[in-house]
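Structural features, examined
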Amino acid sequence: MKMNLNFSKATLAVLAGVLAPGAAWGCACGCGVFDVATSSMLPQRPGGMLFVESDFLDQTVNWSGTSQAPAANNGDKEIRTEFNDLGFQYMFNRKWGLQLELPYDVRYYRGEGGFSTTWGSFGDMRLQGIYTGFSADMSAGVTLGLKLPTGNDSFDMNNSANPLDRDLELGSGSTDVLIGGFYRHTLTGVASGLYWFGQAQLDVPVLDQGGYRPGVELDAAFGLYYQGLSLGRIGITPVAQVIPAIRTKDTGSWAAGGANNPPLGEIASGYQRVVFSPGIEFDLHNVKIYADAEFTAFEDTRGNQLVAPVMFKLIVSYMF
C-alpha cells in the first residue's frame, strides 16, 4: 500500500490534540493532538501499513490564560513524557478500512517539595473504522471509532503520600467516541506537486469511572506539502501545517486535585491553542520516515497548567 506520511500526527490528540514560540502544551496533556495530521491516516489505495510513532514532550513552564505565570502558582514543576505508538492500518478496498493503535508511554513527574516519580504503562487503545468511498482517488474520508480504557489510570493513586492527579495518569479510565474526517487536493495552477490538506477529529468521553471525566477535545490540522524533490532514489517531502485544538474542562471529584479539592478540576483544565509545525518526510519506497517539531503560536489555558516549549515527533512506517 503506497501512502505518504505528509504531515505530523496528534493529534489527533485529533487530533490530543496530530498540535509552542516560547511555550505551550497543557498539563496534562493535550495528547489528542497526536491523533491528527499524519498522512498515515489518509489512505490512497487498498492494502496495509504498520507504523511506529515516538513523540517527546517536556512540560516545564507554568502558563495561565494567554501568558506565562509564576512557577509558584503551580504545584506541578515538570512533566516529561515519551509517547510510543504501535499502529496497524488496513484498507480492504477503496471504500472501507480500519486502524488500530496501541500506545506504551513513559512519564516522569516532579512536584513541589522535590517529590518525583517515573513510570511506564500501556495507554488507551484506539480502534477506528475508515470510509473513503466519496471519490475514486480516496481523497476524502471519514473515521468513526472508540478509545478504550485499557491504560493504567491509577498509578500511585492510593499508596503514596503524594497521589497523582487523574489527568497525570497514562490512561484516562474513560471510553471515548472518536469522530473524524479528512480531505486532500492538489493546488492546480499554483505549482506542480503542491498539495493542501485538512483533517479533524472529535474525542467525546461517553463512559467514565472513578470520579473523573476528561474534557471533550477537538483537534484539526491544515497544511501544505510539496512532492517532487529527491536525493537519489529517496523522495523528500517538506511539510508545513497549522494545528488548532480546543479542549473543555475536566469534571468529576478527581478532576485535577483529588476528592478533597474538586473545584480545582473546574479551573485548572481545558485550553485553546494553535500550533505551527514544520516537518519533512523521506520516502524509501515501502518504508517512509517522517519527523517534525511543533511550536505553539497561541495558547489559552484555564488556571495554571504546565506547558512545553516544543514537541518532537518521529514516525516510521512500512507499507504492504
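For the structure itself, look to the data block above.
Here's what I pulled together on the structure shown here. If you're wondering where the values come from, they're calculated on a predicted model, not measured in any experiment.

Our next topic: unusual backbone geometry. Even without a glycine there, the phi angle at Met138 is positive, about 60°. On the secondary structure map, Met138 appears in the loop between β7 (126-131) and β8 (140-147). Given the relative accessible area of 0%, Met138 is considered buried. Notably, His285 is not glycine yet its phi reads approximately 70°, a positive angle. For His285, the location among the structural elements is in the loop between β14 (271-284) and β15 (287-307).

With that settled, consider the pattern of salt bridges. Oppositely charged side chains may form a pair once their charged atoms are brought near each other. One pass over the structure, following the stated rule, counts 13 salt bridges. Put simply, Arg247 and Glu217 hold a salt bridge, and the shortest N to O gap is 3.5 Å. Of this pair, Arg247 sits in strand β13 (residues 234-247) while Glu217 sits in strand β11 (residues 217-226), and the two are 30 residues apart along the sequence. Overall, Arg247 belongs to the buried group, its relative accessible area being 13%.

Counting eleven residues, the largest nonpolar core consists of Met49, Phe51, Phe197, Ala221, Tyr225, Val239, Ile243, Val275, Tyr290, Ile315 and Met319. Those elements giving two or more residues to this core turn out to be β1 (47-59), β11, β13 and β16 (311-319). Counting eight residues, the second-largest nonpolar core is a separate cluster that includes Ile79, Tyr109, Phe115 and Leu170.

Calculation notes
Each residue is numbered by its place in its chain's sequence as written, counting from 1. Totals for whole chains, interfaces and linings use every residue, but because this is a predicted model, local features are given only for residues with pLDDT of at least 70 and side-chain atom pairs only at 80 or more, for both listing and counting. The side-chain quantities take in all heavy atoms of the structure and omit both hydrogens and water. For helices the rule is a DSSP run of H or I covering at least 4 residues; for strands it is a run of E covering at least 2, with both sets numbered from the N terminus onward. Burial classification: accessible surface area is computed with a 1.4 Å probe over protein chains only, and a residue below 20% of its type maximum counts as buried, one above 50% as exposed, and the rest as partly exposed. When a carboxyl oxygen of Asp or Glu is within 4 Å of a side-chain nitrogen of Lys or Arg, the pair counts as a salt bridge. Note on terminology: a nonpolar core comprises buried Ala, Val, Leu, Ile, Met, Phe, Trp, Tyr and Cys residues joined through side-chain atoms within 4.5 Å.

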